[in-house]
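Summary of the model geometry
Here's the letter readout for the chains.
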Amino acid sequence: MPRSKFGDIYRDLKYKIESGEYPYQSLVPSENTLVAVYGCSRNTVRRALAVLIEAGYVQAIQGKGVRVIYRPAGKTAFLIGVIESFQETDQRNNLHAVTKVVRFEQVETDERLASQSGFMVGEPLWAVERVRYLEGKALILDVNYFSQAMVPGLTAGIAARSIYEYIEKVLHIRIATTKRRVTVERATTRDEALLDLDGYGSVVVVSSLTFNADGLLFEYTQSRHQPASFCFEDTATRRRQSSAPDPGR
């Protein structure tokens, strides 16, 4: 058997977990078994498992192996602890979504937007609004502001496809960090005009500040969701409590 790379092993194990071949709470095959199956080194298997652990699919159990903790979400899952484009979320969840750009213009940062975003007053921005349709229903309104200096050449056509793909593959900018806040807010007149709210008077708002590898802010976004159709997932671990005495006592 040809030797497998850890990315191939990760994707194969991920598929087997998602498909139920390795069901919830079961143990994945041992490292020795995986080494034999994939014809690779133990280190390669460990790298693949480490990515699955980080993604919240499995958990290492000391002395027992690696246990599956993945369960499919009943609703579309937007991962809080991962930076991914809507296109990537679409592909991961098999959503077959449609994006419609309803606003694309050049603006300057005013004081209100500066206080929300951290952009400097007067800084030139691309202002983009996109409605995301799932199964024919308008369920997300993304309100994006991108720095013109850091994201040059942006167009409405690019916005209709994937801005992150343009940033990474064309501009070769590494997207490094996002700070997010999730709130529930009263639906605005624009929310009501553009989204299928199905009687809901509120929206779930994910506000994001996104930075490049140099720690520079290039994007501020409010992603406004119809509440009934979405859940947000994250994977967290409890920090070990220090046994050292408190110096203040």
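Preceding this section is the structure that the text describes.
**With respect to the pattern of salt bridges**
Within the structure shown, the criterion is met by 13 salt bridges. Here Glu31 makes a salt bridge to Arg46, at a shortest N to O gap of 3.1 Å. Here Arg46 lies in helix 3 (residues 42-54) and Glu31 lies in helix 2 (residues 31-38), a separation of 15 residues in the sequence. On the basis of relative accessibility, which here comes to 24%, the residue Glu31 falls in the partly exposed class. Its salt-bridge partner being Glu129, residue Arg190 comes within 2.6 Å of it at the nearest N-O pair.

**What to know about helix 3**
Residues three or four positions apart in an α-helix share a direction because the helix packs 3.6 residues into each turn. Between its first and last C-alpha atoms helix 3 spans 18 Å; for 13 residues at 1.5 Å apiece the expected length is 18 Å, and the two agree. Looking only at helix 3, the buried set comprises Thr44, Val45, Ala48, Leu49 and Leu52. Looking straight down helix 3, one finds that the buried residues subtend no more than 135 degrees of arc, so they occupy a single side. Seen from the buried face of helix 3, the exposed residues on the opposite side, beyond 90 degrees, are Asn43 and Glu54. Turning to helix 3, the residues buried within the fold contact helix 1 (6-18), helix 2, strand 1 (58-61) and strand 2 (65-68). Downstream of helix 3 by one or two residues, Gly56 has phi in the positive range, about 85 degrees.

**Description of the side chain of Ser26**
With respect to the helices and strands, Ser26 occurs in the loop between helix 1 and helix 2. Among the residues examined, Ser26 registers a relative accessible area of 18% and is labelled buried.

Rules and cut-offs
- Residues numbered from 1 in each chain as written.
- Predicted model: local features only at pLDDT ≥ 70, side-chain atom pairs only at ≥ 80, totals over all residues.
- Heavy atoms only, no water.
- Salt bridge = Lys/Arg side-chain N within 4 Å of Asp/Glu carboxyl O.
- Helix = DSSP H or I, 4+ residues; strand = E, 2+ residues; numbered from the N terminus.
- Buried < 20%, exposed > 50% of the residue type's maximum accessible area, 1.4 Å probe, protein only.
- Expected span 1.5 Å × (residues − 1).
- Arc of directions from axis to C-beta.
- Contact = heavy atoms within 4.5 Å.

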